[in-house]
Amino acid sequence: MPTFPFSAIVAQDEMRQALLIAAVDPSIGGVLVFGDRGTGKSTAIRALAALLPPMRAVVGCPYNCDPDSPAESCPHCASTPGPRKSQKKPVPVVDLPLGATEDRVVGTLDLERALGAGVKAFEPGLLARANRGFLYIDEVNLLEDHLVDLLLDVAASGVNTVEREGLSLRHPAKFVLVGSGNPEEGELRPQLLDRFGLACEVVTPQDIATRIAVVRARDAYERDPEGFCTARAGDETVIRKKILLARERLPQLAVPDSALERAAQLCLALGTDGLRGELTLMRTARALAALDGAEAVTDDHIRRVAPAALRHRLRRNPLDESGSTARVERALADVFS
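Residues numbered from 1 in each chain as written. Predicted model: local features only at pLDDT ≥ 70, side-chain atom pairs only at ≥ 80, totals over all residues. Heavy atoms only, no water.

### A few points about the nonpolar core
- Phe6, Leu48, Leu266, Leu281 and Leu310 are the most contacted members of the largest nonpolar core, which has 64 residues in total.
- In terms of residue count, the dominant contributor to this core is helix H1 (residues 13–24) (eight residues).
- Excluding its chain neighbours within four sequence positions, the residues that come into contact with Leu310 are Leu266, Cys267, Leu270, Gly277, Leu281 and Val328.
- By size, the runner-up hydrophobic cluster in this structure holds 38 residues, among which are Leu32, Cys77, Ala100 and Val148. (Core = buried A, V, L, I, M, F, W, Y, C linked by side-chain atoms within 4.5 Å. Buried < 20%, exposed > 50% of the residue type's maximum accessible area, 1.4 Å probe, protein only. Helix = DSSP H or I, 4+ residues; strand = E, 2+ residues; numbered from the N terminus. Contact = heavy atoms within 4.5 Å.)

What follows is the structure in structure tokens.
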């Protein structure tokens with residue numbers, strides 16, 4: 001069955017915008033989507049991956065190595081002499097189950113080859129499959145602590161290091177981390193929360209027209225998936241071209257000092273720790289400007305991305321019972337007044 005089209009997702013504008021921004025600039029650090037069940041979180045993430053243009057990868061490489069970046073070669077490609085053939089393949093979307101073992105995530109000794117041929121060989125894990133793609137964790141707030149620690153290390157370095165059963169191996173593991181969950185089922189560890197570049201809130205639509213539109217679109221897709229996706233093919237092409245053009249614009253797009261000053265003022269007003277807030281806000285606003293076809297980042301771009309870039313970086317204030325989104329909105333009103 002074909003994937004539900006990204007262009008057919010009704011409402012949830014902040015989530016859709018955040019996913020498109022992450023597709024334009026993966027260095028932003030991934031997207032966290034928190035909200036009610038049944039609001040299209042998983043659907044949107046898989047729809048985005050299906051929308052992206054195919055990537056070039058080395059033929060036969062289990063790590064999806066880029067043929068144009070030999071410096072980042074995996075052990076498989078490093079041990080293969082001569083020119084490397086490439087092929088186009090879909091951008092991978094790898095699910096990390098909550099009950100996954102550490103061996104399944106990072107990789108382990110290939111027991112079949114070890115017992116049959118007496119050869120120590122590595123069996124790549126989920127991190128290898130996710131290289132240059134998306135690593136998706138549903139109910140990320142329920143992820144076990146040892147896997148959280150592991151992901152923190154790999155997300156920071158972009159390299160997975162395996163030391164076990166006499167094996168010592170490093171391979172590239174650069175992926176866009178995407179998590180979803182329901183805040184009522186538990187909070188996310190602060191260390192992992194801070195690693196997400198953007199955090200979106202999704203809620204169940206409260207107006208009848210939107211609810212009807214969502215139900216109608218989903219029902220039409222389930223009745224005739226092929227026909228529904230064919231009817232949306234033109235809209236999907238438009239979004240795909242928009243992403244490709246934004247990627248081309250991104251390196252040349254200017255971020256004026258005035259925009260950096262606004263970002264710093266916002267983070268100071270909100271009391272965010274460190275400078276990751278400013279960096280993420282700048283990169284996110286730049287990616288949005290690239291999507292808009294603008295020549296430089298403006299105040300409007302910063303205002304539009306500030307809630308997603310900053311709401312999960314706020315310290316708790318026991319004297320302020322308002323939510324993090326309301327606090328960001330108040331700071332925006334003060335800084336841009």
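Moving on from the coordinates now.
### Quick word on the sheet that holds strand E10 (residues 176–181)
- Ordered in space as E4-E7-E10-E1-E11, the five strands form an open sheet in which the pairing is parallel. The open sheet has two free edges, formed respectively by strand E4 (93–95) and strand E11 (198–202), since each of these has just one partner strand. For this sheet the average axis-to-axis angle between neighbouring strands, irrespective of direction, equals 20°. (Pairing = 2+ DSSP bridges. Axes fitted to C-alpha atoms, helices over the stretch in contact; angles between N-to-C directions.)

### Some words on unusual backbone geometry
- Here Arg132, not a glycine, exhibits a phi torsion of approximately 70°, which is positive.
- Within the secondary structure, Arg132 sits in the loop between helix H6 (126–130) and strand E7 (134–138).
- Look at Arg132 and you get partly exposed, because its relative accessible area is 27%.
- Although it is not a glycine, Glu139 sits at a positive phi angle of roughly 55°.
- Mapped onto the elements of the fold, Glu139 is located in the loop between E7 and helix H7 (145–157).

### Remarks on the environment of Glu185
- Within the element layout of this structure, Glu185 appears in the loop between E10 and helix H8 (190–193).
- The class for Glu185 is partly exposed, based on a relative accessible area of 28%.
- Glu185 sits 27 residues away from Gly158 along the chain, and the two C-alpha atoms are 30 Å apart.
- Setting aside residues up to four positions removed in sequence, Glu185 forms contacts with Arg37, Glu139, Asn141 and Leu142.

### Quick word on the pattern of salt bridges
- This model, assessed by the stated rule, comprises 12 salt bridges.
- Between Arg304 and Asp300 there is a salt bridge; the shortest N-O distance is 3.2 Å. With Arg304 and Asp300 both in helix H14 (residues 299–310), this residue pair falls four residues apart, about one helical turn.
- According to the relative accessible area criterion, Arg304 is partly exposed, its value standing at 34%.
- In this structure, a network of salt bridges that share partners links the residues Glu14, Glu201 and Arg311. (Salt bridge = Lys/Arg side-chain N within 4 Å of Asp/Glu carboxyl O.)

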